[in-house]
Amino acid sequence: MNKKEISAGGVVYRTGEGGQLQIQLIVDRYGKTTLAKGKMEDGETVEQTALREILEETGMVGRIIEPVDIIAYTYQHAELGPVDKEVHYYLVEAESGDLQPQIEEIKGVDWYAPEEAWSLQQQSGYDNNDDVIRVALNKLGINV
(Lines give C-alpha, C1' and ligand atoms only; values in the text may rest on other atoms or scores of the structure.)
Protein backbone atom coordinates (compact mmCIF):
# COMPACT_ATOMS: atom_id res chain seq x y z
CA MET A 1 0.00 0.00 0.00
CA ASN A 2 1.56 3.30 -1.08
CA LYS A 3 1.56 6.28 1.23
CA LYS A 4 -1.08 8.84 0.31
CA GLU A 5 -0.58 12.57 0.18
CA ILE A 6 -3.25 15.19 -0.43
CA SER A 7 -2.61 18.71 -1.65
CA ALA A 8 -5.05 21.44 -2.56
CA GLY A 9 -4.96 24.71 -4.41
CA GLY A 10 -6.91 26.87 -6.74
CA VAL A 11 -7.42 28.78 -9.91
CA VAL A 12 -7.77 32.24 -8.41
CA TYR A 13 -9.60 34.96 -10.31
CA ARG A 14 -10.80 38.52 -9.76
CA THR A 15 -12.55 41.26 -11.64
CA GLY A 16 -10.02 43.99 -12.42
CA GLU A 17 -10.52 47.77 -12.47
CA GLY A 18 -12.12 47.87 -15.91
CA GLY A 19 -14.47 44.99 -15.13
CA GLN A 20 -12.13 42.59 -16.91
CA LEU A 21 -11.66 39.08 -15.60
CA GLN A 22 -8.13 38.29 -14.43
CA ILE A 23 -6.52 34.96 -13.58
CA GLN A 24 -3.73 34.56 -11.04
CA LEU A 25 -0.68 32.52 -12.00
CA ILE A 26 2.49 31.93 -10.05
CA VAL A 27 6.02 31.17 -11.22
CA ASP A 28 7.48 28.37 -9.13
CA ARG A 29 11.09 27.99 -8.04
CA TYR A 30 11.80 26.00 -11.22
CA GLY A 31 10.63 28.90 -13.38
CA LYS A 32 7.42 27.16 -14.43
CA THR A 33 3.99 28.78 -14.64
CA THR A 34 1.62 27.11 -12.18
CA LEU A 35 -1.17 27.46 -9.61
CA ALA A 36 -0.93 28.04 -5.88
CA LYS A 37 -1.20 24.76 -3.99
CA GLY A 38 0.25 22.85 -1.07
CA LYS A 39 -0.04 19.93 1.33
CA MET A 40 -2.94 19.36 3.64
CA GLU A 41 -2.16 19.74 7.34
CA ASP A 42 -3.68 17.74 10.20
CA GLY A 43 -7.19 18.79 11.09
CA GLU A 44 -7.76 20.73 7.86
CA THR A 45 -10.42 20.14 5.26
CA VAL A 46 -9.30 20.10 1.64
CA GLU A 47 -11.04 23.46 1.12
CA GLN A 48 -9.22 25.01 4.09
CA THR A 49 -5.92 23.73 2.71
CA ALA A 50 -6.57 25.36 -0.67
CA LEU A 51 -7.42 28.74 0.85
CA ARG A 52 -4.51 28.66 3.34
CA GLU A 53 -2.00 27.80 0.62
CA ILE A 54 -3.32 30.55 -1.67
CA LEU A 55 -3.01 33.05 1.18
CA GLU A 56 0.48 31.86 2.14
CA GLU A 57 1.86 31.72 -1.39
CA THR A 58 0.21 34.78 -2.92
CA GLY A 59 -1.12 37.03 -0.14
CA MET A 60 -4.71 36.77 -1.41
CA VAL A 61 -7.73 35.93 0.73
CA GLY A 62 -10.05 33.84 -1.41
CA ARG A 63 -13.50 32.32 -1.37
CA ILE A 64 -14.13 28.90 -2.88
CA ILE A 65 -16.73 28.96 -5.64
CA GLU A 66 -16.70 25.30 -6.71
CA PRO A 67 -14.40 22.32 -7.27
CA VAL A 68 -12.58 22.27 -10.62
CA ASP A 69 -10.61 19.04 -10.86
CA ILE A 70 -8.58 16.45 -8.99
CA ILE A 71 -5.21 15.42 -10.41
CA ALA A 72 -3.87 12.08 -9.21
CA TYR A 73 -0.39 10.73 -9.80
CA THR A 74 2.31 8.67 -8.12
CA TYR A 75 5.80 9.94 -7.44
CA GLN A 76 8.92 8.41 -5.93
CA HIS A 77 9.84 9.77 -2.51
CA ALA A 78 13.48 9.34 -1.42
CA GLU A 79 12.57 7.72 1.92
CA LEU A 80 8.95 6.64 1.59
CA GLY A 81 9.11 5.06 -1.85
CA PRO A 82 6.06 5.47 -4.12
CA VAL A 83 3.56 8.07 -2.89
CA ASP A 84 0.04 8.38 -4.33
CA LYS A 85 -0.64 12.06 -4.60
CA GLU A 86 -3.98 13.78 -5.08
CA VAL A 87 -4.21 17.50 -5.81
CA HIS A 88 -7.65 19.06 -5.42
CA TYR A 89 -8.17 22.29 -7.35
CA TYR A 90 -10.95 24.78 -6.74
CA LEU A 91 -12.23 27.84 -8.51
CA VAL A 92 -11.45 30.62 -6.03
CA GLU A 93 -12.53 34.25 -6.13
CA ALA A 94 -9.98 36.65 -4.65
CA GLU A 95 -11.74 38.80 -2.08
CA SER A 96 -8.97 40.82 -0.45
CA GLY A 97 -5.27 40.94 0.29
CA ASP A 98 -2.14 42.31 -1.33
CA LEU A 99 -0.53 40.27 -4.07
CA GLN A 100 2.77 39.17 -2.61
CA PRO A 101 4.78 36.10 -3.56
CA GLN A 102 6.06 33.86 -0.76
CA ILE A 103 9.71 34.14 -1.67
CA GLU A 104 10.78 30.89 0.00
CA GLU A 105 8.44 28.90 -2.23
CA ILE A 106 7.83 30.80 -5.45
CA LYS A 107 9.51 33.32 -7.73
CA GLY A 108 6.54 35.48 -8.65
CA VAL A 109 2.80 35.93 -8.82
CA ASP A 110 0.68 38.13 -11.05
CA TRP A 111 -2.74 38.68 -12.64
CA TYR A 112 -3.34 37.96 -16.32
CA ALA A 113 -6.11 38.31 -18.86
CA PRO A 114 -7.62 34.81 -19.38
CA GLU A 115 -6.21 34.41 -22.91
CA GLU A 116 -2.77 35.50 -21.70
CA ALA A 117 -2.99 33.09 -18.75
CA TRP A 118 -3.85 30.24 -21.11
CA SER A 119 -0.99 31.05 -23.46
CA LEU A 120 1.47 31.19 -20.51
CA GLN A 121 0.19 27.81 -19.36
CA GLN A 122 0.79 26.45 -22.88
CA GLN A 123 4.30 27.90 -23.08
CA SER A 124 5.68 27.33 -19.60
CA GLY A 125 3.13 25.43 -17.53
CA TYR A 126 2.88 21.83 -16.40
CA ASP A 127 0.91 19.59 -18.78
CA ASN A 128 -1.29 18.23 -16.03
CA ASN A 129 -2.56 21.76 -15.31
CA ASP A 130 -3.96 22.15 -18.84
CA ASP A 131 -7.31 20.59 -17.97
CA VAL A 132 -7.52 22.35 -14.60
CA ILE A 133 -7.09 25.79 -16.15
CA ARG A 134 -9.28 24.96 -19.15
CA VAL A 135 -12.14 23.72 -16.95
CA ALA A 136 -11.80 26.73 -14.61
CA LEU A 137 -11.90 29.15 -17.55
CA ASN A 138 -14.96 27.33 -18.95
CA LYS A 139 -16.70 27.75 -15.58
CA LEU A 140 -15.95 31.47 -15.85
CA GLY A 141 -17.52 31.53 -19.31
CA ILE A 142 -14.28 31.55 -21.30
CA ASN A 143 -13.52 28.93 -23.92
CA VAL A 144 -9.91 28.24 -24.86
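Residues numbered from 1 in each chain as written. Predicted model: local features only at pLDDT ≥ 70, side-chain atom pairs only at ≥ 80, totals over all residues. Heavy atoms only, no water.

K.L.:
Where do I start with the side chain of His88 in this structure?
P.N.:
Summarising the element assignment, His88 is placed in strand E6 (residues 81-97). When its relative accessible area of 13% is taken as the criterion, His88 is described as buried. In contact with His88, other than residues within four places in its own chain, are Ile6, Ser7, Ala8, Gly9, Val46, Asp69 and Ile70. (Helix = DSSP H or I, 4+ residues; strand = E, 2+ residues; numbered from the N terminus. Buried < 20%, exposed > 50% of the residue type's maximum accessible area, 1.4 Å probe, protein only. Contact = heavy atoms within 4.5 Å.)

K.L.:
How do you make sense of the packing of aromatic side chains when you look at a structure like this?
P.N.:
Given two aromatic rings, one states the distance between the centres and the angle between the planes to describe the pair. Applying the stated criterion to the full structure yields zero aromatic pairs. It is Lys32 that lies over the ring of Tyr126; its NZ or CZ is 5.0 Å from the centre. (Phe/Tyr/Trp six-rings, centres within 6.5 Å; stacked < 30°, edge-to-face > 60°. Lys NZ or Arg CZ within 6 Å of the ring centre and 35° of its normal.)

K.L.:
Quick question: what am I supposed to make of helix H1 (residues 46-58) here?
P.N.:
An α-helix turns once every 3.6 residues. As a result, residues three or four positions apart point the same way. Across its 13 residues, H1 extends 18 Å between first and last C-alpha, which sits within 8% of the 18 Å expected from 1.5 Å per residue. For H1, the elements touching its buried residues are strand E1 (3-15), strand E2 (21-28), strand E4 (36-39), strand E5 (60-77), E6 and strand E7 (106-112). Gly59 sits one or two residues past H1 and shows a positive phi near 80 degrees. (Expected span 1.5 Å × (residues − 1).)

K.L.:
I would appreciate a short explanation of the pairing of E5 in the present structure.
P.N.:
It is a general feature of regular strands that their side chains alternate between the two faces of the sheet. Sheet topology note: the E5/E6 ladder contains 16 bridges and is antiparallel. Among the inter-strand pairings, Pro67 is bridged to a residue of E6, identified as Tyr90. Where E5 hands over to E6, the hairpin turn is made up of three residues, counted between the paired strands. (Pairing = 2+ DSSP bridges.)

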